[in-house]
Amino acid sequence: MPNIRIHRAPVRIMHWLNVPIIGAMLMSGWGIYNASPLFGFTFPPALTLGGWLGGAIAWHLAVMWALAANGLLYLLWGLCSGHFRHDFLPVTPRSLLVDTKLALTLRLTHRLGQYNAVQKALYLSVLLCGLVLVLSGLSIWKPVQLSYLVRVFGGFDRARYVHFFAMSGIGLFVIVHVAMVIMVPSTLLPMITGSVKPNATRGRQEINHD
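So, how was this worked out
- Residues numbered from 1 in each chain as written.
- Predicted model: local features only at pLDDT ≥ 70, side-chain atom pairs only at ≥ 80, totals over all residues.
- Heavy atoms only, no water.
- Helix = DSSP H or I, 4+ residues; strand = E, 2+ residues; numbered from the N terminus.
- Buried < 20%, exposed > 50% of the residue type's maximum accessible area, 1.4 Å probe, protein only.
- Expected span 1.5 Å × (residues − 1).
- Contact = heavy atoms within 4.5 Å.
- Core = buried A, V, L, I, M, F, W, Y, C linked by side-chain atoms within 4.5 Å.
- Phe/Tyr/Trp six-rings, centres within 6.5 Å; stacked < 30°, edge-to-face > 60°.

Considerations on the environment of Pro190
Item 1. Mapping Pro190 onto the fold places it in helix H8 (residues 188-193).
Item 2. Classification of Pro190 by relative accessible area gives buried; the value is 1%.

Structural data, given as structure tokens:
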């Protein structure tokens, strides 16, 4: 019996490209943050990238274009292929509430190739965070040339806070994402190969990670 396809090639390629891209974005961003902290803490130097402010900015800007390009390709492919419509919609407040309660009581059924309402909401939220992250980052990078964008975020200082919280949202998503893979390691191989054996989709403890 042939294997069942779970993740298409474009999803897998863009997913794995995001691993070093987001890692570099977070670490270089932490280096920039440390030069002018917004709150009463800084990130350990060992977790930053660039060595100093100028180096962190250079890394951040370089990787920003890779993130924007990968994100744009994903958006275009997701819209044209029906990936978003098929896998992320619909999600209703009722279904989200029901699945959240089941998740909190460890009774939520997870199946490869199928998204529950919690997953749909998480993936839609991280897409929104990514959009806000890019726009707020551009407003901070070019506050004069993109003054209209700065005004949208309420000024340069507020744009920095928006950028920080959008970055934190993506960081939190990464933590949850990795934790779920650790809890259900059988989901890792399909993201590499794209398919699973037919009997692998019968278990209750497997979850889709597009």
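Now that the structure has been shown, the text picks up again.
A look at helix H2 (residues 53-81)
Item 1. An ideal rise of 1.5 Å per residue puts 42 Å on 29 residues; H2 measures up with 41 Å between its terminal C-alpha atoms.
Item 2. Within H2, burial applies to Gly55, Ala56, His60, Val63, Met64, Leu67, Asn70, Tyr74, Trp77 and Gly78.
Item 3. Buried residues in H2 make contact with helix H1 (9-35), helix H3 (83-87), helix H5 (117-141) and helix H7 (156-183).
Item 4. One or two residues past the end of H2 sits Gly82, with phi positive at roughly 85°.

Some thoughts on the nonpolar core
Item 1. If you look at the biggest cluster of nonpolar residues, it comprises 31 residues, and the most contacted ones within it are Met25, Phe88, Leu133, Phe164 and Met167.
Item 2. When residues of this core are traced back to their parent elements, those giving at least two are H1, H2, H5 and H7.
Item 3. If one sorts the elements of this core by residue count, H1 sits on top with eight residues.
Item 4. Look past the residues within four positions of Leu133 in its chain and what remains in contact with it is Leu67, His163, Ala166, Met167 and Ile170.

Some remarks on the side chain of Ser28
Item 1. Considering the arrangement of structural elements, one finds Ser28 in helix H1.
Item 2. Taking relative accessible area as the criterion, Ser28 reaches 0% and is therefore assigned buried.
Item 3. If we skip the residues at most four places from it in the chain, Ser28 touches Leu49, Ala56, Trp59 and His60.

Digging into the packing of aromatic side chains
Item 1. Within this structure, the stated rule accounts for 14 aromatic pairs.
Item 2. Look at Trp30 and Phe43: their rings are 4.8 Å apart centre to centre, the planes differ by 15°, and that puts the pair in the stacked class. Of the two residues, Trp30 sits in helix H1 while Phe43 sits in the loop between H1 and H2, which places them 13 residues apart along the sequence. Neither residue differs from the other here; Trp30 and Phe43 are each classed as buried.
Item 3. An aromatic cluster is present here, built from Trp30, Tyr33, Phe39, Phe41, Phe43, Tyr161, Phe164 and Phe165 joined pairwise through their rings.

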